[in-house]
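# Observations on the three-dimensional arrangement
Residue-level listing of the chains:
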Amino acid sequence: MNTVSEARTPLIDRSQTEAVLYRVAICALTWHPRKADADPGYRVEDDQRWCLAPLEGADPGLPIRVLVAATIHDPSRYRAQLVQALSALADE
């Protein structure tokens, strides 16, 4: 029986969390319902990829990817959930 608990290594560090949140904020501030019409090449998936780039290869999982896109479209509704999910990855 092993009574020594193993400490879980965080997947990301605080600076990565802050960088993702900063990028999501920029995207949320520049997004509007007619953005795809105003900028024909715009895709939220490109913003999502840019927002998650600071994670440097760590796979945040589908729930965080969905939360990033949702927060870009409705920051008031989803920002707390996104911060909580990223904090869980950072083990904060």
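See the structure printed just above.
Now for a look at the structure at hand. These numbers were taken from a predicted model, which means no experiment stands behind them.

Analysis parameters
Residues numbered from 1 in each chain as written. Predicted model: local features only at pLDDT ≥ 70, side-chain atom pairs only at ≥ 80, totals over all residues. Heavy atoms only, no water. Helix = DSSP H or I, 4+ residues; strand = E, 2+ residues; numbered from the N terminus. Contact = heavy atoms within 4.5 Å. Buried < 20%, exposed > 50% of the residue type's maximum accessible area, 1.4 Å probe, protein only. Patch = residues over 30% accessible without salt bridge, like charges linked within 9 Å, V, L, I, M, F, W, Y side chains within 5 Å. Areas by Shrake-Rupley, 256 points an atom, 1.4 Å probe, with all protein chains shown as cover. Salt bridge = Lys/Arg side-chain N within 4 Å of Asp/Glu carboxyl O.

With that out of the way, let us pick up the environment of L82. Note that L82 resides in helix α5 (residues 75-90). Residues L82 and V66, 16 residues apart in the sequence, show an inter-C-alpha distance of 9.4 Å. Each residue touching L82, except ones within four places of it in the same chain, is listed here: L21, V24, I64, L67, V68 and T71.

In this fold, Q16 is placed in helix α1 (residues 14-30). Accessibility expressed as a relative area gives 12% for Q16, which makes it buried. The contacts of Q16, once residues within four sequence positions are left out, are P54, L55 and E56.

Residues Y22, I26 and W50 make up a contiguous nonpolar surface patch of roughly 310 Å² in combined accessible area. In this fold, Y22 is placed in helix α1. Under the relative-accessibility criterion, Y22 is labelled exposed at 55%.

As a further point, take the environment of V66. Following the sequence through the fold, V66 ends up in helix α4 (residues 62-73). Note on V66: relative accessible area 48%, which makes it partly exposed.

The next subject is the pattern of salt bridges. Under the definition given, this model contains 5 salt bridges. Residues D46 and R43 are paired through a salt bridge, measuring 3.4 Å at the closest nitrogen-oxygen approach. The salt bridge partner of D59 is R65, with a shortest N-O separation of 3.5 Å. When its relative accessible area of 33% is taken as the criterion, R65 is described as partly exposed. Where salt bridges share partners, they join R43, D46 and R49 into one cluster.

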